[in-house]
Amino acid sequence: MVDRDLLSIQEARALVRCARKAQEHYALLGQERVDAIVKAIAEAAAGHAESLAALAVEETGFGRVQDKKAKNLLASERLFDAIKDMKTVGVLNDDRVRKVVEIATPMGVIAGIVPSTNPTSTTIYKAIIALKSGNAIVFTPHPSAKKCIGKTVEIIRSVLKGCDVSEDLVSVMNVPSMEGSAELMKIVDLILATGGPGMVKAAYSSGTPALGVGAGNVPAFIERSANVEEAVAKIFASKTFDNGTVCASEQAIVTESVIADQVKAALIAQGAYFLEGEKLEKVKRVMERADGSMNPDIVGRDAGYIAGIAGIEVPYGTRLLVSDEKGIGPKYPFSKEKLTALLGFYVVNDWKEACEVCHALLKNGGIGHSLAIHSRNEDVIREFGIKKPVSRMLVNTPSTQGAVGISTSLFPSFTLGCGTVGGSATSDNVTPLNLMNIRRVAYDLGNMNCCPASSAQAVSAPSSIDINAVTALIIEQLKKMA
């Protein structure tokens, strides 16, 4: 009987070997062919958006089908629209003045770590951006989402076959394990890490370059100049989207005392239920495990489901369970990230105090990620933008939809970097441009006095250099080496 861990390690090695062979041939294709393949995958994924969403909800129990469908469409149709004209193959730039030619080179084989909260959309998104930049990708799925991730990869591989390129450009581990994932991360060229803190930390500790994410304990500040009803409606649209499974969803509302009653009334009118007394204590008891981490049984669940687990009754139509919180830290579970229908509520005296509370909330598990602000005071908005340690500040927009690029002009992405302050190698919404190296061919400027005058003059004359011919020669040599 073969040990499962050893089988997983062997599978990782085999998949990477096949991916390397496939990528060597794929790297020789031109931009037009690559774009056609990526377009075909985006169209196929969009066509299966609803069925994949249903499969993900059925398998994981997280979220809502229509919202997961929207995420699948963002990762396919919306993403392709954003990258269709992006130059990622061959010569990117030929600067005749500076005499520098920039050439795109793929990174090779990428490891794609996929979470259970956004399984199909993350798989579609990572496969498309990897292929757009000339790479192959091997996925290691979350065990609780193995079936829906596997189906997504199956659809993509079918498209690759139909495009007459190797299916091994995109593959997935069928025997996922910690040991197998660790081996995969050691032998690839780059890791795209989306998932829990343990897996992201393992990616950064693997010795392989990695682009990872961080927790998103997003505060939403409703400032006194805001349109309160509109702000609350947008927060609900974000926090209830797929039952809060997106890490950019709001985790706490911070508002000023002068409008606190108005904000609270608007929340209740939209379907918030403020927990108190024994009901609050019962919910707190089911929010976390003994080690203080999120209880997976409530992740991606609606308010009624959580109330049932906690053994409390809430009004019919309740959409969010809210705690009028006083503290921030390990002893206050509503001050932490809650990827479900739970929300903290803080009242402060003014925007300066709000600034401090938001900073404390971010330090409590969301630093570097995102912050939302609802305000019509540009001075306050600017102060927050300058001082808050986040990679994206979202103004008068739902935080979830704003961060991933639905309601803002940010790049459509399901890998949201948190910058060095959040332990990430990038603060970007990761794009194909993050997944390629750039080779720079730099010509002599003729400004050195190390050659005879006649020779230096000949080298420096622009007319003596055919940059296109030299670049074509370099690319031809690269093809022979591949």
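To start, this report covers the structure provided alongside it. (Residues numbered from 1 in each chain as written. Predicted model: local features only at pLDDT ≥ 70, side-chain atom pairs only at ≥ 80, totals over all residues. Heavy atoms only, no water.)

**Here we look at the sheet that holds strand β11 (residues 320–324)**
- Read across the open sheet, the 7 strands follow the order β10-β11-β12-β9-β8-β13-β14; overall the sheet is parallel. A strand with exactly one partner marks an edge of an open sheet, and here the two such strands are β10 (272–275) and β14 (390–395). Along the sheet, successive strands turn relative to each other by an average axial angle of 25 degrees, direction set aside.
- Relative to strand β13 (residues 368–374), strand β8 (residues 218–222) runs parallel, the two sharing 3 bridges. Bridge assignment links Ala 220 to a residue of β13, and that residue is Ala 372.
- The strands touched by helix α9 (residues 228–239) within the sheet are β8, β9 (250–256), β10, β11, β12 (342–348) and β13, with β9 carrying the most contacts at an inclination of about 170 degrees.
- Each of β8, β9, β10, β11 and β12 touches helix α10 (residues 260–270); the most contacted strand, β10, lies at about 120 degrees to it. (Pairing = 2+ DSSP bridges. Helix = DSSP H or I, 4+ residues; strand = E, 2+ residues; numbered from the N terminus. Axes fitted to C-alpha atoms, helices over the stretch in contact; angles between N-to-C directions. Contact = heavy atoms within 4.5 Å.)

**A word on the environment of Ala 341**
- Mapped onto the elements of the fold, Ala 341 is located in the loop between β11 and β12.
- Along the chain, Ala 341 and Asn 243 lie 98 residues apart, while their C-alpha atoms are 6.0 Å from each other.

**Some points on the sheet that holds strand β15 (residues 436–442)**
- Across the sheet, 3 strands lie side by side as β1-β2-β15; this open sheet has antiparallel pairing. Across the chains shown, the open sheet's two edge strands, defined by having one partner strand only, are β1 (90–95) and β15. Strand-to-strand twist of the sheet, defined as the mean angle between neighbouring strand axes without regard to direction, takes the value 20 degrees.
- As judged from the 5 bridges shared by β1 and strand β2 (residues 100–106), these two strands associate in the antiparallel manner. Along β2, the bridge assignment pairs Asp 95 with Val 100.

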